[in-house]
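Breakdown of the fold
Each chain, letter by letter, is given below.
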Amino acid sequence: MIQKKVCMLGAFAVGKSSLVRRFVDNIYSDVYTTTIGVRIDKKIVNIGDETLSLVLWDVHGEDSYQNVLSAYIRGMAGYLLVVDPTRPHSVDNATNLKNLIDTEIGPKPFVVVMNKCDLKEQWLITQDDLPDWANDAELIIEASSKNDTDVNLVFQTLAESLLQNRQAQ
Amino acid sequence: MNVTPSSVSEYLQSIGGITDNPAYLHLDDSNQIVDWSIQLNDHGLKLFDAQMITLKNFSFLEGLLPCPNNPLVIPRMQIASTQYSDLHMFSTPLGQWIILLDSTCASIQAQLEQQSRLSSELLTGG
Ligand SMILES: Nc1nc2c(ncn2[C@@H]2O[C@H](COP(=O)(O)OP(=O)(O)OP(=O)(O)O)[C@@H](O)[C@H]2O)c(=O)[nH]1
Ligand SMILES: [Mg+2]
């Protein structure tokens, strides 16, 4: 079976761990438990008649440890770049992360997640406000782990592009 | 019980780590498993049948190989449990070496500190 490493990246509290918990275990909690370091999970996805094993690296969003990020992204095939539109500053974090990745390991397929879409009335930005780098994304998806809106689509979209990438090689 | 390979014990000595019963995995240059220690199970792995162990048992290594010549440390990994491990990887003429060191105590302490700081930052609109 094909296996790929995928990283969850974004500012603290944008909902990276919640996306993984919803996707892997179908659970959600409103309680914030910040990630320290990285937590690794695995999930098998089916795409057409192919199966792909995703090794998910749920990386902490905390800024003060960014120097270890290069170690965490080593060998990743693609990533989810998560922003919280109720906190526009999280877009700046995403910009920095995108730059770091492109410099350190070169461009990789990624999906932008505009997270917490159950709170849309509190969003301070829309897709149109995202910087130009968002045009390079496979897709920009508005999702919610809380309501289970399009969480599967997020991972499925990235998985599909990883498979296509492999076939193109 | 296997004897700790000198590549592992020398590395651990060089970083001032505990050299007794380390959790390690030894691969050859084509990523075939040469040797491993049962202490890997202390890090959430479930290596029961020694005959059946393959790289598939180590999905967290996906993308990480080959091990670099200069030691690389990937800190605070929660591999398959509530435990935290620092992963050290390097290669020598004898092959590739992966060592897991427990960092649970320091990580839990850091988590508590980060939790209170980030929670209050969130409340103040961080
Ligand atoms: N309303 C709403 N809240 C969410 C959603 N997803 C996550 N949250 C909340 O946002 C907070 C942070 O979620 P986490 O998943 O822990 O965020 P994270 O990005 O993993 O944070 P770090 O590990 O600190 O980097 C928690 O209180 C979650 O309950 C969502 O879709 N909707
Ligand atoms: Mg988290």
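Since the structure is predicted, the reported quantities are computational estimates derived from the model, not experimental observations.

Topic: the overall build of chain A
When you go through chain A residue by residue, the secondary structure sums to 4 helices and 6 strands. Here the C-alpha atoms of chain A give a radius of gyration of 15 Å, agreeing with the 15 Å that 2.2 N^0.38 yields for 169 residues. A principal-axis box enclosing the C-alpha atoms of chain A has dimensions of 40 × 35 × 30 Å. By the burial criterion, 54% of the 169 residues in chain A qualify as buried.

Digging into the overall build of chain B
Per the secondary structure count, chain B includes 2 helices and 5 strands. Of the regular secondary structure in chain B, the N- to C-terminal order runs α-β-β-β-β-β-α. For chain B, the residues scored as buried account for 44% of the 126 residues in total. Partitioning the intrachain contacts of chain B with sequence separation of at least 6 by distance along the chain shows that 40% fall at a separation of at least 24. A total of about 6700 Å² of accessible surface is found on chain B, and carbon and sulfur atoms cover 55% of it. Separation between the mean location of the 4 positive side-chain charges and that of the 12 negative ones in chain B comes to 11 Å.

A word on the coordination of the magnesium ion (ligand 2)
Residue and element names in this part refer to chain A. Those donors, Ser17 (OG) and Thr35 (OG1), are the protein atoms that reach the magnesium ion (ligand 2), and they lie 2.1 Å from it. On the criterion of sequence distance, the pair formed by serine 17 in helix α1 (residues 16-25) and threonine 35 in the loop between α1 and β2 (38-47) is long-range, its members being 18 residues apart. We classify serine 17 as partly exposed; its relative accessible area is 22%. Threonine 35 gets classed as buried once you look at its relative accessible area, which sits at 13%.

Considering the packing of aromatic side chains
A full pass over the atoms with the stated rule returns 5 aromatic pairs over all chains. Measuring from ring centre to ring centre gives 6.2 Å for phenylalanine 58 of chain B and phenylalanine 60 of chain B, while their planes differ by 75°; the resulting arrangement is edge-to-face. For phenylalanine 58 of chain B, a relative accessible area of 2% corresponds to the buried category. Every member of this aromatic cluster is reached through a ring pair, and the members are Tyr79, Phe110 and Trp133 of chain A. The cationic tip of lysine 5 of chain A hangs over the ring face of tryptophan 57 of chain A; the distance from NZ or CZ to the ring centre is 3.4 Å. Positioned over the ring face of phenylalanine 23 of chain A is lysine 43 of chain A, at 4.7 Å from the centre of the ring.

Let's talk about the confidence of the model for chain B
Do not read the fine detail of predicted coordinates wherever pLDDT is low. Model confidence for chain B is summarised by a mean pLDDT of 93, while 98% of its residues fall at 70 or above. Among the prediction metrics, the complex's ipTM stands at 0.94, with pTM recorded as 0.96.

Some points on unusual backbone geometry
With omega at 5°, the peptide bond leading from leucine 65 of chain B into proline 66 of chain B counts as cis. Unlike most non-glycine residues, aspartate 148 of chain A shows phi in positive territory, near 55°. Here aspartate 148 of chain A shows up in the loop between β6 (139-142) and α4 (151-168). Residue aspartate 148 of chain A is classed as partly exposed on the basis of its relative accessible area, which comes to 36%. The backbone of arginine 76 of chain B shows a phi angle near 50°, a positive value even though the residue is not glycine.

Here's the deal with the pattern of salt bridges
Residue and element names in this part refer to chain A. For the structure on display, the rule yields 11 salt bridges over all chains. Between arginine 21 and aspartate 25 there is a salt bridge, and its shortest N-O distance comes to 2.7 Å. Remark: aspartate 25 and arginine 21 occur in helix α1; sequence separation between them is 4 residues, near one turn of the helix. What emerges from the salt-bridge pattern is a single network uniting Arg21, Asp25, Arg39 and Asp41.

Describing helix α2 (residues 104-123) of chain B
Helical geometry note: an α-helix holds 3.6 residues per turn, so side chains three or four residues apart project in the same direction. Taking 1.5 Å per residue, 20 residues should reach 28 Å; α2 of chain B reaches 28 Å between its end C-alpha atoms and fits that length. One or two residues past the end of α2 of chain B sits glycine 125 of chain B, with phi positive at roughly 85°.

Points about the interface of chain A and chain B
If you look at the interface, chain A gives 26 residues, while chain B gives 29 residues. If you look at where chain A meets chain B, you find 1 salt bridge. Arginine 117 of chain B is the partner of glutamate 62 of chain A in a salt bridge, and the nearest nitrogen-oxygen pair spans 2.9 Å. Run the count over chain A and chain B and you get 13 residue pairs in polar contact (both at pLDDT 80 or more). Listed by contribution, the elements that provide at least two residues to the side of chain A that touches chain B are β1 (2-10), β2, β3 (50-59) and α2 (69-72) of chain A. Per element, the largest residue contribution to the side of chain A that touches chain B is 4 residues, and it comes from β2 of chain A. Its residues assigned to classes, the side of chain A that touches chain B comprises 12 nonpolar, 7 polar and 7 charged. Two elements, β2 of chain A and strand β3 (residues 72-78) of chain B, share 2 bridges in a ladder whose sense is parallel. For valine 38 of chain A, the partnering residue across the bridge sits in β3 of chain B and is methionine 77 of chain B.

Conventions adopted
- Residues numbered from 1 in each chain as written.
- Chains lettered and ligands numbered in written order.
- Predicted model: local features only at pLDDT ≥ 70, side-chain atom pairs only at ≥ 80, totals over all residues.
- Heavy atoms only, no water.
- Helix = DSSP H or I, 4+ residues; strand = E, 2+ residues; numbered from the N terminus.
- Rg over C-alpha atoms; globule rule 2.2 N^0.38 Å.
- Buried < 20%, exposed > 50% of the residue type's maximum accessible area, 1.4 Å probe, protein only.
- Contact = heavy atoms within 4.5 Å.
- Areas by Shrake-Rupley, 256 points an atom, 1.4 Å probe, with all protein chains shown as cover.
- Lys, Arg positive; Asp, Glu negative; His and termini not counted.
- Charge placed at Lys NZ, Arg CZ, Asp CG, Glu CD.
- Donors = N, O, S within 2.8 Å, 3.2 Å for Na, K, Ca; no water.
- Phe/Tyr/Trp six-rings, centres within 6.5 Å; stacked < 30°, edge-to-face > 60°.
- Lys NZ or Arg CZ within 6 Å of the ring centre and 35° of its normal.
- pLDDT = per-residue confidence, 0-100.
- Salt bridge = Lys/Arg side-chain N within 4 Å of Asp/Glu carboxyl O.
- Expected span 1.5 Å × (residues − 1).
- Polar contact = N/O pair within 3.5 Å; in protein donor to acceptor, adjacent residues only side chain to side chain.
- Nonpolar A, V, L, I, M, F, W, Y, C, P; charged D, E, K, R; others polar.
- Pairing = 2+ DSSP bridges.

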